[in-house]
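# Coordinate inspection notes
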Amino acid sequence: MRFVALALFATTILSAYDYHLKPTKVSEDIYCLFGATEEITKANGGNMVNTCFVETKDGFVVIDSGPTFGYASQVYDEMQKISKKPVKYVINTHNHDDHWLGNSFYKDMGSLIIGPKSYDENIHSGDTTRMERILSKDQYAGTKIVKLDKVVEKEYKFELGDVEFVVKQLVPKAHTDGDLIVYIPSKKSLFVGDLVFNDRLTSLRDGSVIGSIEAIKQIDAIDADIIITGHGHITDRNATTMQKRYLHSVKDGILKAIDDGVEIDKIGSVVKLDEFKNLDL
């Protein structure tokens, strides 16, 4: 009965806002929906994040559930077109709301929700999210904050359908203070969340340039042929190239300005980073 009610509610949500989702098959059993490289707007419904799902013989694993309940329900519909299997696990790579506000859809169907300690500590029922402030009531309908079922502080491994998943925090602080990667050794596939952006510039409002550089160094050392980022469309070993160059340019430019005696409030006018001025955001 719960699933019938959920299906009826999801149908109502779908009629309110259609995300026109079309999964891309990245490799065998791995599919992603690539969001727009832009800010959150009513026009895009918050769809500016990459959501992926992995099919195994016993069910699906979702990496980053997306910006709304309605979005998650439409992603689920696309999964079911591929295979009529349940979603067993949902992994949130960090605590920015564009990556996890679809959790409640999967929680209602019994999926196990995994995320970082920073989510567990900082995200609470009743909080007002960015999505809630920006999107329309119809777009946000049904969306709610739910608690994690499994909190990952360092590393967590599980198997589903004979496929091993490794969920791990690489450094204490990078994009945020709780970034998780998801590695599938048998598929040489790595999901890095917002530790890496491509096709647009990163945001480090909660993070660390030095920590981000170290995280990417560790990412580059992992045996992965596929690297899927939180934002952007590049999914091969070149996925980290642009952000690595950007972060080093920021670090080196600021340190040089400090060495040259530039005052803090003038550094922005000295370290211009013109190489990146035509990138989105």
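A few points on the structure. (Residues numbered from 1 in each chain as written. Predicted model: local features only at pLDDT ≥ 70, side-chain atom pairs only at ≥ 80, totals over all residues. Heavy atoms only, no water.)

## Considering helix α8 (residues 241-259)
Definition in use: For the purposes of this entry, the term helix denotes a DSSP run of H or I that reaches at least four residues, the term strand denotes a run of E that reaches at least two, and both are numbered from the N terminus. What a helix is expected to span follows from its residue count: subtract one and scale by 1.5 Å. Categorising residues by exposure relies on relative accessible area from a 1.4 Å probe, with only protein chains included: less than 20% of the type maximum marks a residue as buried, more than 50% marks it as exposed, and the intermediate range marks it as partly exposed. Taken from the helix axis, the directions to the C-beta atoms give the arc we talk about. Residue contacts follow a heavy-atom distance rule, with two residues in contact if any of their heavy atoms lie within 4.5 Å.
Between the first and last C-alpha of α8 there are 27 Å, a value that for 19 residues agrees with the 27 Å anticipated at 1.5 Å per step. Listed as buried for α8 are Met242, Gln243, Tyr246, Leu247, Val250 and Ala257. The buried residues of α8 occupy one face: seen down the axis, they fall within an arc of 130°. Turned more than 90 degrees from where α8 packs its buried face, Lys256 and Asp259 sit exposed. Contacts made by the buried residues of α8 are with β11 (189-197), α7 (209-221) and α9 (267-270). Of the residues flanking the end of α8, it is glycine 261, one or two places downstream, whose phi is positive at about 85°.

## Digging into the pairing of strand β4 (residues 59-63)
Note the threshold: Following DSSP output, two strands are said to pair if at least two bridges run between them.
Most of β4 is tucked away: five of the five residues are buried. In the sheet, strand β3 (residues 51-56) pairs with β4 via five bridges, with the strands oriented antiparallel. Its bridge partner lying in β4, phenylalanine 53 is registered against valine 62. The turn joining β3 and β4, which pair antiparallel and follow one another in sequence, is formed by two residues. Where β4 meets strand β5 (residues 87-91), four bridges bridge the pair, whose relative direction is parallel. Of the residues in β5, the one forming a bridge with valine 62 is valine 90.

## A word on the state of the cysteines
The line we're drawing: Note that a disulfide, as used here, is simply two cysteine sulfur atoms within 2.5 Å.
Taken as a whole and assessed by the stated rule, the structure comprises one disulfide. In this model cysteine 32 forms its disulfide with cysteine 52; the gap between the sulfur atoms is 2.1 Å. Disulfide cysteine 32 to cysteine 52: torsion about the S-S bond roughly 100°, handedness right-handed. Of this pair, cysteine 32 sits in strand β2 (residues 30-33) while cysteine 52 sits in strand β3; the two residues are 20 residues apart in sequence, bridging distant segments of the chain.

## Details of unusual backbone geometry
Among all residues save glycine, negative phi is the norm, and among peptide bonds the norm is trans. Located in the positive-phi region is histidine 20, a residue other than glycine, with phi close to 50°. For histidine 20, the position within the fold is in the loop between α1 (2-16) and β1 (24-27).

## A short note on empty space enclosed by the protein
As a reminder of what qualifies: Both site types are read off a 1 Å grid over the protein atoms alone. A 1.4 Å probe that fits but cannot get out defines a cavity, while an open set with protein on both sides within 12 Å along at least five of seven lines defines a pocket; lining residues have an atom within 4 Å of a point. Grid points are joined across faces, edges and corners, and a volume is the space filled by probe spheres set on the points. Gly is put with the polar residues, along with every residue not named as nonpolar or charged; the nonpolar set is Ala, Val, Leu, Ile, Met, Phe, Trp, Tyr, Cys and Pro, and the charged set is Asp, Glu, Lys and Arg.
A complete count under the given rule lists one cavity of 30 Å³ or more for this structure. Taken together, Asn50, Cys52, Ile63, Asp64, Thr93, Phe191, Val192, Gly193, Ile228, Thr229 and Gly230 form the lining of the largest cavity. Contributions of two or more residues to the lining of the largest cavity are made by β11 and β12 (226-231). For the lining of the largest cavity, a count of residues per class yields five nonpolar, five polar and one charged.

## Remarks on a nonpolar patch on the surface
Test applied: Patch rule: a residue counts if its relative accessible area is over 30% and it has no salt bridge; like charges are joined within 9 Å, and nonpolar side chains (Val, Leu, Ile, Met, Phe, Trp, Tyr) within 5 Å. Only the protein chains shown count as cover for residues, with accessible areas throughout obtained via the Shrake-Rupley method and a probe of 1.4 Å. For salt bridges, the criterion is a side-chain nitrogen of Lys or Arg within 4 Å of an Asp or Glu carboxyl oxygen.
A contiguous nonpolar patch, built from Ile254, Leu255 and Ile258 and spanning about 240 Å² of accessible area, is present on the exposed surface. For isoleucine 254, the location among the structural elements is in helix α8.

## Describing the layout of surface pockets
Each pocket or cavity is described by its volume, and for the second largest pocket that value is around 160 Å³. Glu39, Arg130, Arg200, Ser203 and Arg205 are the residues nearest the centre of the second largest pocket, which is lined by 13 residues in total. Here the lining of the second largest pocket is composed, by residue class, of three nonpolar, four polar and six charged.

## Let's talk about the packing of aromatic side chains
What counts, and what does not: Ring geometry is summarised as follows: Phe, Tyr and Trp rings, the Trp one being its six-membered ring, pair when their centres sit within 6.5 Å, and such pairs are stacked at plane angles under 30 degrees, edge-to-face over 60 and tilted between the two.
On inspection of all chains with the given rule, the structure shows twelve aromatic pairs. With centroids separated by 4.0 Å and ring planes inclined at 25°, the aromatic side chains of tyrosine 89 and phenylalanine 158 adopt a geometry described as stacked. With a gap of 69 residues between them, tyrosine 89 in strand β5 and phenylalanine 158 in strand β8 (residues 155-160) connect regions that are remote in the sequence. In terms of burial, tyrosine 89 and phenylalanine 158 fall into one category: buried. With a centroid separation of 5.2 Å and 85° between ring planes, the pair formed by phenylalanine 105 and tyrosine 106 is classed as edge-to-face. We note that phenylalanine 105, like tyrosine 106, is buried.

## Regarding the sheet that holds β3
Definition in use: Between the N-to-C directions of two axes lies an angle of 0 to 180 degrees, each axis being a line fitted to C-alpha atoms and, for a helix, fitted only over the stretch in contact.
In space, the seven strands of this open sheet follow the order β1-β2-β3-β4-β5-β6-β7, with mixed pairing throughout. If you trace the sheet from one side to the other, it starts and ends with β1 and β7 (150-152), each paired once. When strand polarity is set aside, the average angle formed by the axes of neighbouring strands in this sheet is 25°. With three bridges joining them, β5 and strand β6 (residues 112-116) adopt parallel strand pairing. Counted as the bridge partner of tyrosine 89 is leucine 112 from β6. Most of the contacts of helix α2 (residues 69-82) go to β3, to which it runs at about 35°, and overall it touches β2, β3, β4 and β5.

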